[in-house]
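These are the residues of each chain, in order.
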Amino acid sequence: MNVQENISLKPYNTFGIDAKARYWSEISSITDLKEALRSKIHPRLFILSGGSNMLITQDIDAHVLYINIKGKEIIKEDDDHVYLKVMAGEVWHDMVVWCLERDFGGLENLSLIPGRTGTAPIQNIGAYGIELKDTFVSCEAMAIDDGTIKEFTKEDCRFGYRESYFKNEGKGKYVITSVTFKLSKRNHNPNTSYGAINTQLEQWGIKEPSIQDVSKAVVAIRQSKLPDPEVLGNSGSFFKNPVLSKAKFETFISEHPTAKYFKVSDGSYKVPAGWLIEQCGFKGKRYGDAGVHKNQALVLVNYGNATGHELIGLAQKITEAVYETFGIAIQPEVNIIK
Ligand code: EPU
């Protein structure tokens with residue numbers, strides 16, 4: 001295991017924040033990970049993967065482990081399904097494309113999500129009607145305290161909307177090393193329930209979409225709305241969509257009848273934070289190098305040299321305006337690193 005000191009994290013977080021890591025090691029194997037956990041180079045460990053769901057606000061005084069363990073393996077299959085084990089460091093979208101090339105179905109709606117496979121379960125990534133949990137079978141993770149590998153079933157992970165065991169009780173205790181998915185090999189069941197997918201497929205004249213068509217539609221929608229982090233620093237949705245109880249929602253919708261909303265299966269309602277933020281006038285606004293994206297108000301962007309503090313300041317301003325206007329407290333979806 002190679003240890004470097006005081007390296008810039010700018011290339012390793014999609015917000016493009018220029019903070020430094022006190023110590024840094026690239027982890028390319030399970031053995032590297034075990035060795036790094038044992039090394040105790042610094043009392044604090046910081047696990048970094050795609051860096052696509054975090055806002056770094058200061059230099060990281062820790063031993064940063066950059067998880068870059070690669071590999072994919074079909075561990076079981078029958079006529080209908082394949083069980084694919086993917087190591088944590090595989091780039092999510094490249095893995096989705098690899099599956100589509102082999103006609104393995106289930107991940108197509110999650111095309112183009114930034115990040116790596118190992119961090120996908122932490123927030124149960126989701127888009128266009130599908131969440132990671134829908135194809136998830138299990139994951140393996142190394143315990144930080146003793147280096148043992150533990151298997152977590154879907155139930156163990158306690159997935160919710162952008163939530164899991166690893167974001168709550170399990171926080172800081174494990175490093176996910178691989179994820180196993182169950183994917184379809186035939187009789188695929190493309191999910192086009194999300195309106196925007198249907199609209200895109202209709203525009204292309206596609207009536208019976210393949211999983212590859214659904215992926216193409218998702219890629220087109222994402223590219224039209226969401227900024228490419230390679231071009232404009234961002235971390236996808238900065239806030240979660242607030243979930244309102246039926247009673248709170250009824251008051252809200254009677255006061256704001258043009259609001260967009262989705263019914264959640266447990267009888268509550270999700271209101272798009274992007275709509276709330278747009279109503280407060282922030283869409284496309286820029287304050288120095290921190291801003292709100294022009295096509296999707298849920299996404300905060302770094303025009304170049306914004307600091308984590310500037311972006312947090314903007315997030316606070318937005319949170320307060322949304323609360324004053326709608327009485328709804330929106331919560332960040334990205335991890336704020338202090
Ligand atoms: N909307 C606005 N103004 C905006 C943005 C959105 O009015 O500036 C409205 C849209 O018109 C639409 C509704 O809000 O009626 C929902 O918008 P969209 O389909 O873009 O989805 P979202 O709720 O804003 C969520 C996820 C995204 C995911 C999309 C598609 C969260 C926090 N975000 O966004 O996930 O790609 O749905 O499924 O749940 C991410 O997590 O980083 C992410 C990008």
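### Here we look at the domain arrangement of the protein chain
Domain assignment breaks the protein chain into domain 1 (4–67), domain 2 (72–184) and domain 3 (233–337). In this structure, domain 2 and domain 3 have C-alpha centres spaced 27 Å apart. Counting residues at the interface gives five residues for domain 2 and four residues for domain 3. The contact between domain 2 and domain 3 buries some 500 Å² in all, and 38% of this surface belongs to carbon and sulfur atoms. It is Tyr161, Arg162 and Lys167 that lose the most area in domain 2 upon contact with domain 3, and together they represent 78% of the buried surface on that side. The tally of links between domain 2 and domain 3 comes to two salt bridges. For Lys240, the salt bridge identified is with Glu163, shortest N-O distance 2.8 Å. Applying the counting rule to domain 2 against domain 3 returns three residue pairs in polar contact (both at pLDDT 80 or more). Of the residues in the side of domain 2 that touches domain 3, the class split is one nonpolar, one polar and three charged.

### Describing the layout of surface pockets
Here the second largest pocket is characterised by a volume of approximately 190 Å³. Lining the second largest pocket are 15 residues, and of these Gly105, Gly106, Thr135, Ser184 and Asn189 sit closest to its centre. The biggest single contributor to the lining of the second largest pocket is strand 12 (residues 174–184), with three residues. The residue makeup of the lining of the second largest pocket, split by class, is three nonpolar, nine polar and three charged.

### Side note on the sheet that holds strand 11 (residues 149–153)
If you trace the five strands from one edge of the open sheet to the other, you get 6-7-12-10-11, paired in antiparallel fashion. Looking along the sheet, the strands with just one partner apiece sit at the ends: strand 6 (72–77) and strand 11. Taking each pair of neighbouring strands and ignoring which way they run, the sheet shows an average axis angle of 25°. Bridge count between strand 6 and strand 7 (residues 81–87): five bridges; the pairing is antiparallel. Its bridge partner being in strand 7, Ile74 is matched across the sheet by Leu84.

### Side note on the environment of Tyr303
As for its placement among the helices and strands, Tyr303 is situated in the loop between strand 19 (299–302) and helix 8 (308–326). Owing to a relative accessible area of 33%, Tyr303 belongs among the partly exposed residues under this scheme. Sequence separation of Tyr303 and Thr199 is 104 residues, and the distance between their C-alpha atoms is 31 Å. Discounting chain neighbours no more than four positions away, the residues touching Tyr303 are Leu232, Arg286, Asp289, Ala290 and Gly291.

### Side note on the pattern of salt bridges
As enumerated under the stated definition, the model contains 14 salt bridges in all. Two residues, Arg158 and Glu169, come together in a salt bridge whose shortest N-O distance is 2.4 Å. Taken together, the positions of Arg158 in the loop between helix 3 (154–157) and strand 12 and Glu169 in the loop between helix 3 and strand 12 put the pair 11 residues apart, joining distant regions of the chain. Classification of Arg158 by relative accessible area gives partly exposed; the value is 48%. What makes Glu169 partly exposed here is its relative accessible area of 41%. Across the salt bridge formed by Arg162 and Glu333, the nearest N and O atoms sit 2.9 Å from each other. Residue Arg162 is found in the loop between helix 3 and strand 12, and its partner Glu333 is found in the loop between helix 8 and strand 20 (335–337); the two are separated by 171 residues along the sequence. Judged by relative accessible area, which is 14%, Arg162 ranks as buried. Here the residues in one salt-bridge network are Glu131, Lys133 and Asp134, joined through shared partners.

Each value, and the rule that gives it
Residues numbered from 1 in each chain as written. Predicted model: local features only at pLDDT ≥ 70, side-chain atom pairs only at ≥ 80, totals over all residues. Heavy atoms only, no water. Domains from an automatic or database assignment. Contact = heavy atoms within 4.5 Å. Buried area = accessible area lost by both parts, 1.4 Å probe. Salt bridge = Lys/Arg side-chain N within 4 Å of Asp/Glu carboxyl O. Polar contact = N/O pair within 3.5 Å; in protein donor to acceptor, adjacent residues only side chain to side chain. Nonpolar A, V, L, I, M, F, W, Y, C, P; charged D, E, K, R; others polar. 1 Å grid on protein atoms, 1.4 Å probe; cavity = no way out; pocket = protein on both sides within 12 Å on 5 of 7 lines; lining within 4 Å. Points joined across faces, edges and corners; volume = space filled by probe spheres on them. Helix = DSSP H or I, 4+ residues; strand = E, 2+ residues; numbered from the N terminus. Pairing = 2+ DSSP bridges. Axes fitted to C-alpha atoms, helices over the stretch in contact; angles between N-to-C directions. Buried < 20%, exposed > 50% of the residue type's maximum accessible area, 1.4 Å probe, protein only.

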